[in-house]
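Chain residues, written in single-letter form:
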Amino acid sequence: MYDVAVIGGGPVGSHVAYKLAGMGYEVAVLEQKERLGSKVCCTGIIGQECVRSFAVADNLILRRVNRATLFSPSGEVLRLGQQETQACVLDRAAFDTTMARCAQDKGAKYVFNSPVKNLEVSNDKVRIQTLRQEEGLDFDARVVVIASGFNSRLVEGLGMGRISHFVVGAQAEVETVALDELEIYFGEEIAPGFFAWLVPTSPLKARAGLLSRHSPGLYLKRLMASLVAQGKIVSAEAELSYGGIPLKPLARTYYNRRLVVGTAAGQVKPTTGGGIYYGLLCADIAANTLHQALNSNDLSARGLANYEREWKKKLGQELKMGYRIRKFYEHLNDRQIDKLFNTIKANGMADSLLKDSNVSFDWHSSGLLKILGTVAVSKVIQAVKIPFRLRNRG
Ligand SMILES: Cc1cc2nc3c(=O)[nH]c(=O)nc-3n(C[C@H](O)[C@H](O)[C@H](O)COP(=O)(O)OP(=O)(O)OC[C@H]3O[C@@H](n4cnc5c(N)ncnc54)[C@H](O)[C@@H]3O)c2cc1C
């Protein structure tokens, strides 16, 4: 009988395990994969705030980023740059295995090859049924943390709601020709409703990827062919990986003896799809709530409700506004994106945002709202007649 069973050994599950094992609880992490770090579809960009808050070690960082070039659909260029590092590109495989090792060092037990298929909640425990063959199929724990990433079938199958708003991304590791900075591409022909990226990871390697309303693989193949034609990457032949990104969180993330955390709960920036930092912040909140609940032996839904209150206090507004801004962007056609791009450029708005201390890599909504609220941009919005409310009515 474990105190806590964590489903999923990604960064979020491992961080919850690390915190709780460090507090002296018996923790098991049930992971469906044979080993961590394999087949992760993620660009691995995190902001400096995340690096500092979670003491991400230097050897897990492939590249530091202080500049980015944005391309509008018609090829207009907007360069953003700061003196100091703004973000880092992680070696995701090494990051995941290091997070797990830290949890193991505190005493958490990892059980691999153990896809969880069902939970049975009773008065004093949760029975976790896995498809593991060798050592018996079931585990018992006082409480379960579901950190299974974008696996809507598991959460939904456990009767814990479903992520109904999401997008699918595609990514490939490519060889580049002296690419120096991160590039982002906008346009209906490139990534409908979203954007594409080329992120250098080493002097001659990069991650090319995109999110799109539909057919991400098809659009990524096209993008890679265009990057080859532009002389930016060497070949369009590369294996593609795919992953889902929630755009809205689950309606509810706590139940009797269960919490849902990280991407499984939809704790992801709807503007960019970044989920590592927000997931880790929520993992901290989950661990603190569980510590109190385990201590007082109140693992009822009421005893765990504080988790959702706290994470919503931290992220709720950012997720709501990010979602609205994302929906607004999805309505734009190429001509309108170009118009916005030119207005932002002509009015030096990007520069003033970079100097704004309230805006950072991880907290976008106030900066984006500032841009959308300016006279120049609101004229563009009115001219293109997009239904968009800046204020949260509710
Ligand atoms: C194309 C793409 C690019 C991205 N780029 C970035 C980026 O640059 N920056 C960023 O911050 N985020 C990015 N993300 C999002 C980021 O990858 C996720 O938010 C992050 O991995 C979430 O961590 P997690 O621990 O919640 O879930 P995951 O990392 O998905 O880990 C979940 C774990 O649970 C395991 N699991 C699933 N189901 C079961 C089961 N039934 N039983 C047992 N184990 C199970 C999985 O095998 C996995 O190991 C990107 C996502 C995509 C798709």
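Please read all numbers here as calculations on a predicted model, not as lab measurements.

Trainee: How should the overall build of the protein chain be read in this particular structure?
Mentor: From N to C terminus, the protein chain includes eleven helices and 18 strands. Taken over the C-alpha trace, the protein chain has a radius of gyration of 22 Å; the compact-globule value for 394 residues is 21 Å, and the two agree within 12%. Going through the 394 residues of the protein chain one by one, you find that 44% of them count as buried. Within the protein chain, contacts between residues at least 6 apart in sequence are counted, and of these 67% link residues at least 24 apart.

Trainee: When you look at the sheet that holds strand β7 (residues 87–90) in this model, what are you seeing that I'm missing?
Mentor: Across the sheet, which stays open at both edges, the three strands sit in the order β3-β7-β4 with antiparallel pairing between neighbours. Two strands lie at the open edges of the sheet, namely β3 (45–47) and β4 (61–65), each paired on one side alone. Pairs of neighbouring strands in the sheet enclose a mean axial angle of 30°, with direction left out of account. Across four bridges, the pairing between β4 and β7 is antiparallel. By the bridge assignment, Arg-64 is partnered in β7 with Cys-88.

Trainee: Explain helix α5 (residues 216–229) to me, please; I cannot follow it from the model alone.
Mentor: Every α-helix winds through 3.6 residues per turn, so residues three or four apart in the chain are directed the same way. For α5, with 14 residues, the first-to-last C-alpha span of 20 Å sits near the 20 Å given by 1.5 Å per residue. Within the span of α5, buried status applies to Pro-216, Tyr-219, Leu-220, Leu-223, Met-224 and Leu-227. For α5, the buried positions fall inside an angular range of 140° around the axis, keeping them on one side. Residues of α5 that are exposed and point over 90 degrees away from its buried face: Leu-218 and Ala-229. Contacts made by the buried residues of α5 are with β12 (166–175), β14 (196–202), β15 (205–212) and β16 (241–246).

Trainee: Can you walk me through the domain arrangement of the protein chain in this structure?
Mentor: A common way to express how large an interface is: the accessible area buried when the components associate. Split by domain assignment, the protein chain resolves into domain 1 (2–42 + 92–164 + 248–315), domain 2 (166–245) and domain 3 (321–384). Taking only C-alpha atoms, the centre of domain 1 and the centre of domain 2 are 31 Å apart. Contacts between domain 1 and domain 2 engage seven residues on the former and nine residues on the latter. Here the side of domain 1 that touches domain 2 is composed, by residue class, of five nonpolar, one polar and one charged.

Trainee: Whenever I open this one, the site of the ligand confuses me. Can you help?
Mentor: What surrounds the ligand is a group of 39 residues, the closest being Gly-8, Gly-10, Gly-149, Gly-262 and Gly-275. Contributing elements (two or more residues each) for the shell around the ligand: α1 (11–22), β3, β12, β16 and α6 (276–295). Taken domain by domain, the makeup of the shell around the ligand includes at least three residues from each of domain 1 (2–42 + 92–164 + 248–315) and domain 2 (166–245).

Trainee: Any chance you could explain the pairing of strand β10 (residues 126–130) here in plain terms?
Mentor: Successive residues of a regular strand alternate their side chains across the two faces of the sheet. Here β10 shows a clear split, with Val-126, Ile-128 and Thr-130 buried on one side and none of Arg-127 and Gln-129 buried on the other. Hairpin connection from strand β9 (residues 116–121) to β10: four residues lie between these consecutive antiparallel strands. Examined bridge by bridge, β10 and strand β11 (residues 138–146) share four bridges and lie antiparallel to one another. Bridge pairing links Val-126 to Ala-141 in β11.

Trainee: Is there a simple way to think about the sheet that holds β14 in this case?
Mentor: Two strands in a sheet stick together by hydrogen bonds in their backbones, pointing the same way (parallel) or opposite ways (antiparallel). The strand order across the open sheet formed by seven strands is β6-β5-β13-β14-β15-β12-β16, and the pairing between neighbours is mixed. The open sheet has two free edges, formed respectively by β6 (77–81) and β16, since each of these has just one partner strand. Averaged over all pairs of adjacent strands, the angle between strand axes in this sheet comes to 20°, irrespective of strand direction. Sheet strands in contact with α5 are β12, β14, β15 and β16, and its direction is about 135° off that of β15.

Trainee: Please explain helix α7 (residues 301–331) as it appears in this structure.
Mentor: The end-to-end C-alpha distance of α7, which contains 31 residues, comes to just 39 Å, noticeably less than the 45 Å that a straight helix rising 1.5 Å per residue would cover. The largest bend along α7 reaches roughly 55° and is located at Leu-315.

Trainee: What's the story with the pairing of β11 in this structure? I'm lost.
Mentor: With seven of nine residues buried, β11 is to be regarded as a mostly interior element. In the sheet, strand β1 (residues 2–7) pairs with β11 via five bridges, with the strands oriented parallel. Considered in β11, the bridge of Val-4 is made with Val-143. For β11 and strand β18 (residues 258–260), the ladder comprises three bridges, and the chain directions are parallel. Pairing of Val-144 across the sheet is with Arg-258, part of β18.

Trainee: I tried to follow the packing of α6 against α7 on my own but got confused; where do I start?
Mentor: Relative to each other, α6 and α7 sit at 150°, their axes nearing to 9 Å. On the basis of their axis angle, the class for α6 and α7 is roughly antiparallel. When the axes of α6 and α7 are compared, the crossing they make is right-handed. For the pair α6 and α7, contact is made by Tyr-278, Leu-281, Cys-282, Ile-285, Ala-286, Thr-289 and Ala-293 and by Gly-303, Leu-304, Asn-306, Tyr-307, Glu-310, Trp-311, Lys-314 and Leu-315, respectively. Considering only residue class, the contact of α6 with α7 consists of ten nonpolar, three polar and two charged.

Criteria and cut-off values
Residues numbered from 1 in each chain as written. Predicted model: local features only at pLDDT ≥ 70, side-chain atom pairs only at ≥ 80, totals over all residues. Helix = DSSP H or I, 4+ residues; strand = E, 2+ residues; numbered from the N terminus. Rg over C-alpha atoms; globule rule 2.2 N^0.38 Å. Buried ≥ 20, exposed ≤ 12 C-beta atoms within 10 Å, placed from the backbone. Contact = placed C-beta atoms within 7 Å. Pairing = 2+ DSSP bridges. Axes fitted to C-alpha atoms, helices over the stretch in contact; angles between N-to-C directions. Expected span 1.5 Å × (residues − 1). Arc of directions from axis to C-beta. Domains from an automatic or database assignment. Nonpolar A, V, L, I, M, F, W, Y, C, P; charged D, E, K, R; others polar. Near = placed C-beta within 6 Å. Bend = angle between axes of the 7 residues up to and from the residue. Parallel < 35°, antiparallel > 145°, perpendicular 65-115°, else oblique. Left-handed = near helix turned anticlockwise from the far one by under 90°.

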